[in-house]
Structure formats: structure tokens, C-alpha cells
Amino acid sequence: MIPHEKTLVQRLKDKPFALVGVNTDTDKDNYKKLAAQHGVTWRSSWQGGTSGPICQEWGVRSYPTIYVLDHRGVIRFKGVRGKAMDQAVDQLLAELEAEEKAKQGSK
Amino acid sequence: MQATLLLLCLALGQATAPTQSAPQASQAVPTKAEASQAERDKLQAAWKANDAAMAEDYKVWREATQAARAKGLPREEWPASPLAKWFPLNEQLADQGQPDALTWCLQQVSTSGRELATVLECKSRWYQKLVSEHADSAAMEVAFNYLRGEGGTGSLDAKRTLELLDTLLATTTREAMKARVLFAMPDVIARANDPEAAKKKLELYERLAKDYPNTPEARRARGVLNSERNLSIGSLAPDFTTKDVDGVEFKLSDYRGKVVVLDFWGFW
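Source: prediction; values computed, not measured.

S.K.: Looking at this structure, I do not really get the overall build of chain B. What am I missing?
M.R.: Helix and strand counts for chain B come out as ten helices and three strands. A buried classification covers 41% of the 268 residues belonging to chain B. Excluding contacts between residues fewer than 6 apart, the proportion of contacts in chain B whose partners are at least 24 apart in sequence is 51%. When the accessible surface of chain B is totalled, it reaches about 14,700 Å², and 54% of it is carbon and sulfur.

Spelled out as C-alpha cells, the structure:
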């Protein structure tokens, strides 16, 4: 899971893309150690455990849980993992690029 | 043994029936309620005696097992567990309705070496006693954790499990337990392969959130309801303000204009 996300983040480092985590570990020091070990560069909200406020509000009962949002902040995909997650992101990036091209063309 | 007890109870019940309307006479002849309380006390004392003796047996057994392991003896030569001795003894108390014995037997019956059909028949009968007669007991609290996990392969079937949960929901007077039952039901319904499971889950969660709003289960149910209603594909993701591991505040909406993968995760 983490190696896959790392690859995605590296591949899209020059694109309008962000991986935002909501982390549910309980020990900050251990988290920092593991994050360094695994090369986790993305930011995560610190929940302090699986019953953290955002996890409760979003009704998360299993991990990992993935949402993919477009550039407007609309939920476009849920529960996509691995290749399906990459495809979802690529599709939304293509939409965003097409939209920006159309804007430039109309100027 | 059981038949004798039953006759005794019946006899006492009949003999004392007239005194029920005149409690002041209860000093001479015990009322039905007092007689059954005395019976319960006797069973509880018997359970406590078993429990203490059992703790001793298990301690001896654990030590002997450790010694056998240390000597490098093969598994077949390790001492036998005291379960074979204690299961039938505690089962007698369970069948007479002693709540702690019921819970103990429910926990142990799967490894008691009986046929699956017998195990399931026992479970069904023992859970029934607990939910109908001891719904508010500490023993029920423990047994509930077993009950909510039934309904899968090799355990009590989902339909029977739901019947028992329904009974418990009606018999318990404790809000915390009612909330736990409502929260557990959808998982059991899902194990029954009910095509309406998703719909029933939301109905149960709505009922839970409405009737027992201050329980932890209601909070979790509200989260699930929120996720079904406001976190569906096509809805604007609700914003949140939070802090990262270094205590730096950020918002989900800070990433507006970018495609975002929002990942709930952990190393654990």
C-alpha cells in the first residue's frame, strides 16, 4: 500500500495533485520513525487513533479507506486501490487539463 | 437432578401461592419470589465454588504444561486440560440458569469436543436463557461479545442470532446495552446475505442515533449515516480543519484546485 502511494506521489510531483492522509496511529514517535523509513513524504492529519474525530465524522470503519476528489473538492471515487486509484487520479487530472486548455482557448 | 429441582420449585410455588398477597406472612413461609431468590443464591454459591476450584486446577495445569514444554516432551505427553472435568459440572449449573456458568459454557463449548450440531443446539439454548432471564447481568455483558460475533460459518446461524438479539433488545432495561445491540445487528444481517442488508443497516442506525443519542455507538452510527448521505459520489467533500503530526494546522479545502487522494490509513 505505502510503496504504491509513494510511486504515485513521485510520478505526479509536478502535477496539480496531492495525497492527503488521515493517519490513525497512536504513537507519534513511532509514526515519525516509520514515515522516515518508508519514505512517506505526504502530510497526514494526526487523529491519534481510529476513533479520531474525522474518522468518526466520515464513518470510517475499515482501513485504508480512500476517497478521490476532483479539483473542485467533489468526491468522484471511493474505495479505489492500486491500479484503480492511479486510473481515477489520471482521469481527473486529464479533466482538469482539458478544462484549463478550454479556458485558455476562449481567452 | 434437574427434575427434582423443578419439582421442588413447583411445590414451593404452589405451597406459597396464598402468601403472595400478604407479604407480612413471609417470615413463616417463603414467598415464591424468595424461594427463587434462594435458589439463585444457591446456584451462584455453587458457581463460585466451581470457579475457585477451577482456577486452582488451571493453575496446576498451566504449570505442568510449562514444565512439560521445558523438558521438551512431545505435545501428546503434555497434561490434559481441566476442561473435560469442568465442562460437565458447569454445564449442570448453566442448564439450571446460573448466568456466569452460562457465559462460561458459551465461551468453552466450541472446544469441548462435541459435534457441531450439539454445540449449536447448546449455544441456542444457553443464549436464550441469558437474553430472556439475565438481560441486565454482568454475565450478559460478556456473553454479548460472543453473541454479536455469531452468524457466520460454523457458528449459530444468522437468523437465530437475530432472534436472540431482538429478544435482548426488548428485555434489557439498560440503554448502553440497547445501543450495543442495535449497532451489532447490521453486521449479523449482512452475514445472513439479506439483499436488504444495506437499507436495514441505515434504518437501525437511524433508530440508534435517535433513541440513544449519547452512546458511543450512536456517535459511530451518525458517522456512517453522514458518510452515506453526504459522502456519496458527486457530493462536495465536507471540509475539515485539523493538525498534522507536527501540530501544524491545515484544511482539506487548502488543496482545492488540485486532484486529491484522501487516504485514511495507519502503520499500526
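S.K.: What should I look at first to understand helix α6 (residues 138-147) of chain B in this one?
M.R.: Quick reminder: α-helices carry 3.6 residues per turn. Residues three or four places apart thus point the same way. Residue and element names in this part refer to chain B. Inspection of α6 places Ala-139, Met-140, Ala-143, Phe-144 and Leu-147 among the buried residues, and these make up the whole buried set. One face of α6 carries all of its buried residues, which in axial projection span an arc of 140 degrees. Packed against the buried residues of α6 are α4 (99-108), α5 (116-133), α7 (158-171) and α8 (175-191).

S.K.: Before we go on, may I ask you to explain the environment of B:Glu133 in this structure?
M.R.: All names here are of chain B. Topologically, Glu-133 is positioned in helix α5. The class of Glu-133 is exposed, set by a relative accessible area of 51%. Distance in space between the C-alpha atoms of Glu-133 and Pro-99 is 8.7 Å, their sequence separation being 34 residues.

S.K.: Just to check I follow, could you spell out the sheet that holds strand β3 (residues 259-265) of chain B for this structure?
M.R.: Across a sheet, paired strands are connected by hydrogen bonds in the backbone, their directions being either parallel or antiparallel. On the basis of which strands lie adjacent, the open sheet formed by five strands has the order β2(A)-β1(A)-β3(B)-β3(A)-β4(A) and mixed pairing. Pairing within the sheet leaves two strands with one partner each, and these edge strands are β2 (44-46) and β4 (75-78) of chain A. Neighbour to neighbour, the strand axes of the sheet diverge by 20 degrees on average, direction disregarded. Pairing of strand β1 (residues 17-23) of chain A with β2(A), which is carried by three bridges, proceeds in the parallel orientation. Counted as the bridge partner of A:Asn23 is A:Trp46 from β2(A).

S.K.: What is the right way to read the layout of surface pockets from this model?
M.R.: Of the pockets and cavities examined, the second largest pocket occupies roughly 270 Å³. Around the second largest pocket sit 16 residues that line it, and A:Gly59, A:Thr65, A:Tyr67, A:Lys78 and B:Ser227 are the ones nearest its centre. Of all the secondary structure elements, the ones that give two or more residues to the lining of the second largest pocket are β3 (65-69) of chain A together with α10 (216-230) of chain B. In terms of residue class, the lining of the second largest pocket is made up of six nonpolar, five polar and five charged.

S.K.: What am I meant to see in the pattern of salt bridges here?
M.R.: Applying the stated criterion to the full structure yields 22 salt bridges over all chains. Between A:Lys15 and A:Glu97 there is a salt bridge, with its nearest N and O atoms 3.3 Å apart. With A:Lys15 in the loop between α1 (2-11) and β1 and A:Glu97 in helix α4 (residues 82-106), the pair connects residues that are 82 residues apart, well separated along the chain. Its relative accessible area of 38% is what places A:Lys15 among the partly exposed residues. We note a salt bridge from B:Arg114 to B:Glu91, for which the minimum N-O separation is 2.8 Å. Of this pair, B:Arg114 sits in the loop between α4 and α5 while B:Glu91 is found in helix α3 (residues 83-95), placing the two residues 23 residues apart along the sequence. Given a relative accessible area of 29%, B:Arg114 falls into the partly exposed group. Take B:Glu91: its relative accessible area is 12%, and that puts it in the buried class. The network of salt bridges with shared partners includes A:Asp70, A:Arg76 and A:Glu95.

S.K.: Even after reading the chapter, I still don't get the state of the cysteines, so can you show me in this structure?
M.R.: Here, disulfide denotes a covalent bond that connects the sulfur atoms of two cysteines. Residue and element names in this part refer to chain B. Enumeration according to the criterion identifies zero disulfides over all chains in this entry. Cysteine Cys-105 is unpaired, with the sulfur of Cys-122 as its nearest cysteine sulfur at 8.4 Å. Relative accessible area serves as the criterion here: at 2%, Cys-122 is assigned to the buried category.

S.K.: Looking at this structure, how should I read empty space enclosed by the protein?
M.R.: Here the idea is plain: a probe the size of a water molecule rolls over the atoms and shows the empty space left. Counted according to the given criterion, the structure contains one cavity of 30 Å³ or more. Volume-wise, the largest cavity comes out at about 70 Å³. For the lining of the largest cavity, the residue count by class is five nonpolar, four polar and four charged.

S.K.: What should I look at first to understand the packing of helix α9 (residues 197-211) of chain B against α10(B) in this one?
M.R.: Each pair of packed helices can be described by the angle between their axes along with the distance between the axes. Residue and element names in this part refer to chain B. Axis separation between α9 and α10 bottoms out at 9 Å; the angle between their running directions is 130 degrees. Comparing their axes, α10 and α9 come out oblique. Once α9 is placed against α10, the crossing between them reads as left-handed. Judged by residue contacts, Lys-201, Leu-202, Tyr-205, Glu-206, Leu-208 and Ala-209 of α9 engage Glu-217, Ala-218, Ala-221, Arg-222, Val-224, Leu-225, Glu-228 and Arg-229 from α10. Class assignment for the residues of the contact of α9 with α10 results in eight nonpolar, no polar and six charged.

Cut-offs applied
- Residues numbered from 1 in each chain as written.
- Chains lettered and ligands numbered in written order.
- Predicted model: local features only at pLDDT ≥ 70, side-chain atom pairs only at ≥ 80, totals over all residues.
- Heavy atoms only, no water.
- Helix = DSSP H or I, 4+ residues; strand = E, 2+ residues; numbered from the N terminus.
- Buried < 20%, exposed > 50% of the residue type's maximum accessible area, 1.4 Å probe, protein only.
- Contact = heavy atoms within 4.5 Å.
- Areas by Shrake-Rupley, 256 points an atom, 1.4 Å probe, with all protein chains shown as cover.
- Arc of directions from axis to C-beta.
- Pairing = 2+ DSSP bridges.
- Axes fitted to C-alpha atoms, helices over the stretch in contact; angles between N-to-C directions.
- 1 Å grid on protein atoms, 1.4 Å probe; cavity = no way out; pocket = protein on both sides within 12 Å on 5 of 7 lines; lining within 4 Å.
- Points joined across faces, edges and corners; volume = space filled by probe spheres on them.
- Nonpolar A, V, L, I, M, F, W, Y, C, P; charged D, E, K, R; others polar.
- Salt bridge = Lys/Arg side-chain N within 4 Å of Asp/Glu carboxyl O.
- Disulfide = S-S within 2.5 Å.
- Parallel < 35°, antiparallel > 145°, perpendicular 65-115°, else oblique.
- Left-handed = near helix turned anticlockwise from the far one by under 90°.

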